[in-house]
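Examining the three-dimensional arrangement
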Amino acid sequence: MYQMKWRMLPRNQQHCSWFDQKLAISFDQQRTFKSLYEVTLDIMIKSRVCKIFWQGLRRFKEFQFIYVTTEACQTFGVEEGEKYTKLSFNYNEFKIRKDHLPLRAIQITKKKPEWRTEKEIKLLQNCLQLLESYRNYSPNLQHLLAKVIRFERFGRRRVIIKKGHYGNTFYFIYFGTVAVTEDEDGNSAFLDGDPTLLRKGAAFGEIALLKGTRRVATVVCMEETELLVVDKEDFFANKLDEELQKELQYCYTFFKFTTKCLDDVFRTWPEYSIEKIANHCRAEKFHSGQVIVRDIVESTSIIFITKGTCEVLHLVDLTACPSYHKWICQQMDLPKYNPHSTMETGVTGRKKFNDFMWKSFPVQDLSNLKSLYILPLKHHRDECFKKPSHVINGKHENINRKLEKQKRDDRNRVCRFDNSPIGDEGEREVVQNEVLGLIRKKLTILTPYGELPTALAAAVYTRVDEIHAGEFLGISQHLLPEYMQDKRCFVLVSRGAEIIRLKKDRFEELADDTTIMKLHKIKTTYPSDDELCQKFLKQNNWKMFRKDVVNLILDQKFMMMASPPSVKPKEDANSSWSVNRAGKLFETEDA
Ligand SMILES: Nc1ncnc2c1ncn2[C@@H]1O[C@@H]2COP(=O)(O)O[C@H]2[C@H]1O
């Protein structure tokens, strides 16, 4: 560029200004070199920075960022003049998902083991304390596992382990439920009424690793499931096999050496059969009050109690029990139950109460009925009794009068229990009809033993048996012919028990004739529903009596303390026959 400029000058000017030109060249050159140097330096620095970034990124290739893929991320658009910028906001990153593995812990598990800092391992260890199977390991093993464990999330119906495949992984369940099935695709889990389920805190996939065999079962997700995975190399490097061998040995030892308690059921079994059932079993712990099996008869498993106690409960539909009707008649002074005049309606309260099952059960408080029954009586007999608050209010009084009229009209229209005319047949009769009229308007149910107010339709859970460590249940009924089986629903509830579940068909497949003969001799018969109802009512009568006595004594005491003894009975002395739901249902020790 400089030479071009110089040549373009006139000839004379070219000679005379040679020195100047010389000076100018060196000055310009200097500037050019300087800028060239700066550019080169710039390029060198930039290339070095790029190289560092590139090397860093190469390492990051191993690191997968976590995306919560389950729900689409919401995107907001912002328009700025001509430009259109997209701001994205993933609300999943801010959403607290209860019971799921925290995001921070997931990020740690996604890192390579050597990248995890001591602080991160500790944090992960703390999160994993929630898992029972993990918590039971020594602190050292817990630390080693937290170093190598990785995270995986699967959706419903996803097969995690396929039966017959070689195994390279061991799993802990952090969230969700999986089913263990005998078929390859795991479909049976969704058809089986009683599949083998493993939940949060359980671990699986150890058998193929410990024995070096193929997978003995298929494991499929029943819902979205979060797992923590240990690879085969880490499994053995951290001596996890030694710990799990102990667990596997537990079931084997129970079947092999607890035969005395188990009525010698397994005494004649060859070694390999016991080993085989031990491979298909798992010890499970249940806290007190937890339901182990919802229907023992329907269940496809035999339950062996290894530790603690269990209770067998049965829901008795009182409306279907003649003893209950008799008792109601006595209590309410209703027309006596006559077995010859039963209504073959087939409509009972059973369906209604089946729906309630465990989550809730009907609160049957007879005190309301009793107060309806007693208040008018008291009103007639003793003017000193306080009027109900709604009667005091004039506005309510009008409504009340209207209601009374309506009730009277209804009573005339609707056929009554005893077909007796309404009139002055005594206060008691009137009140009784009053009660019935009110109830009839609300609903009555027809039972095989007569009509019953809906408010008195009750069902109670009664304890029918107690099972202790070393005992088992679920097979004797299964071996009986269909017509001899007790098809009623029995619930097994833990009282701090530890159990082993074994599939009935697997047991039958391996059991020899001697075992089957022994089991045929074991007969468990539970009392009929009416017998259970009688037992319950007996206990209830005692409770009612006890409550009445206590109320009576306390009343007298309080009255003496507060004011001079009065002859008037107190209202709450009559509210003693409310059905105590806790006491009744579970036959507490004070029963
Ligand atoms: N009856 C069972 N109860 C619970 N888990 C089981 C049962 N049978 C098999 N499994 C688990 O299912 C896994 C399937 O793969 P593995 O054979 O490696 O290990 C098996 C056990 O961990």
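Please read all numbers here as calculations on a predicted model, not as lab measurements. (Residues numbered from 1 in each chain as written. Predicted model: local features only at pLDDT ≥ 70, side-chain atom pairs only at ≥ 80, totals over all residues. Heavy atoms only, no water.)

Thoughts on the packing of aromatic side chains
So the rule is basically this: Only Phe, Tyr and Trp rings take part, Trp by its six-membered ring, and two of them pair if their centres are within 6.5 Å. Stacked means planes under 30 degrees apart, edge-to-face means over 60, and tilted covers everything else. For every residue, the accessible area obtained with a 1.4 Å probe (protein chains only) is divided by the maximum for its type, and the residue is called buried under 20%, exposed over 50%, and partly exposed between those limits. The rule is short: NZ of Lys or CZ of Arg within 6 Å of the ring centre and within 35 degrees of the ring normal puts a charge over the ring.
In total, this model carries 18 aromatic pairs according to the counting rule given. Ring plane angle 80° and centroid distance 5.2 Å describe the contact between Phe170 and Phe172, whose orientation is recorded as edge-to-face. Relative to Trp269, the ring of Phe266 lies with its centre 4.8 Å away and its plane at 75°, an arrangement referred to as edge-to-face. On the accessibility criterion, Phe266 (1% relative accessible area) is buried. Cluster of aromatic residues (ring-pair linked, three or more members): Phe254, Phe255, Phe266, Trp269, Phe304, Phe472 and Phe507. Here the guanidinium or amino end of Arg157 rests over the ring plane of Phe190, the centre of that ring lying 4.0 Å away. Of note, Lys200 hangs over the ring of Tyr174, and the distance from its end group to the ring centre comes to 4.1 Å.

Re the pairing of strand S9 (residues 218–221)
Stated precisely, the cut-off is as follows: Where helices and strands are cited, they refer to DSSP runs of H or I of at least four residues and of E of at least two residues respectively, numbered from the N terminus. DSSP calls a pair of strands paired once it identifies at least 2 bridges connecting them.
Of the two faces of S9, both are covered, the one formed by Thr218 and Val220 as well as the one formed by Val219 and Cys221. As judged from the two bridges shared by strand S4 (residues 159–161) and S9, these two strands associate in the antiparallel manner. Bridging across to S9, Ile161 finds its partner in Val219. Two strands pair when backbone bridges link them, and strand S6 (residues 178–181) and S9 are joined in this way by four bridges, in the antiparallel orientation.

Here we look at the site of the ligand
Filter applied, for reference: We call a residue near a molecule or strand whenever a single non-hydrogen atom of that residue lies within 4 Å of it. Whenever a nitrogen or oxygen atom comes within 3.5 Å of another N or O atom, the pair is scored as a polar contact, on the condition that within protein one atom can donate a hydrogen and the other can accept it, and that pairs from neighbouring residues in sequence are kept only if both atoms are in side chains.
What surrounds the ligand is a group of 15 residues, the closest being Gly205, Glu206, Arg215, Val216 and His280. Gly205 has a polar backbone atom sitting 2.9 Å from an oxygen atom of the ligand. One of the side-chain N or O atoms of Arg282 is found 2.9 Å from an oxygen atom in the ligand. Where the shell around the ligand is concerned, the elements lending two or more residues are strand S7 (196–198) and helix H9 (206–211).

Observations regarding helix H11 (residues 240–257)
Rules: Expected helix span is computed as 1.5 Å times (number of residues minus one).
Taking 1.5 Å per residue as the helical rise, H11 with its 18 residues ought to reach 26 Å, and the 26 Å between its terminal C-alpha atoms agrees with that figure. Residues of H11 that are buried: Leu240, Asp241, Leu244, Leu248, Cys251, Tyr252, Phe254 and Phe255.

Some thoughts on the sheet that holds S9
Note the cut-off: As a rule, the C-alpha atoms of each element are fitted with a line to give its axis, helices using only the stretch in contact, and angles between N-to-C directions run from 0 to 180 degrees.
Sheet architecture is open: four strands sit in the order S4-S9-S6-S7, paired in antiparallel fashion. Strands at the two margins of the open sheet, each flanked by one partner only, are S4 and S7. Put simply, the sheet's adjacent strands are angled 35° from each other on average, direction ignored.

Considerations on the nonpolar core
Which entries qualify depends on this criterion: Nonpolar cores are built from buried Ala, Val, Leu, Ile, Met, Phe, Trp, Tyr and Cys residues. Side-chain atoms within 4.5 Å join them into one set. Note on definitions: a residue-residue contact is assigned when non-hydrogen atoms from the two residues lie within 4.5 Å.
Ranked by internal contacts, the top residues of the largest apolar core, which has 33 residues, are Val312, Leu318, Tyr324 and Leu492. Of all the secondary structure elements, the ones that give two or more residues to this core are strand S12 (291–293), strand S13 (301–317), helix H13 (322–332), strand S16 (459–468), strand S18 (490–503) and helix H22 (529–562). If we ignore the near neighbours within four places in the chain, the residues touching Leu318 are Tyr324, Ala458, Ala459, Val460, Cys533 and Phe536. Of all hydrophobic cores here, the second largest spans 30 residues; its members include Leu145, Ile149, Ile207 and Leu240.

Digging into the pattern of salt bridges
Cut-off, in case you're wondering: By definition, a salt bridge exists where a carboxyl oxygen of Asp or Glu is found within 4 Å of a side-chain nitrogen of Lys or Arg.
In this structure the tally under the stated criterion is 22 salt bridges. Glu182 serves as the salt-bridge partner of Arg506, at 2.8 Å between the closest nitrogen and oxygen. One end of the pair, Arg506, is in helix H20 (residues 504–510); the other, Glu182, is in the loop between S6 and helix H8 (188–191), and 324 residues separate them in sequence. Overall, the relative accessible area of 40% leaves Glu182 in the partly exposed class. Across the pair Glu311 and Arg463 runs a salt bridge, and its minimum N-O distance is 3.1 Å. With a gap of 152 residues between them, Glu311 in strand S13 and Arg463 in strand S16 connect regions that are remote in the sequence. You can call Glu311 buried: its relative accessible area is 8%. Sharing partners across several salt bridges, the network here consists of Arg104, Lys111 and Glu120.

It is worth stressing that arrangement in space is one thing and function is another; only the former is reported here.
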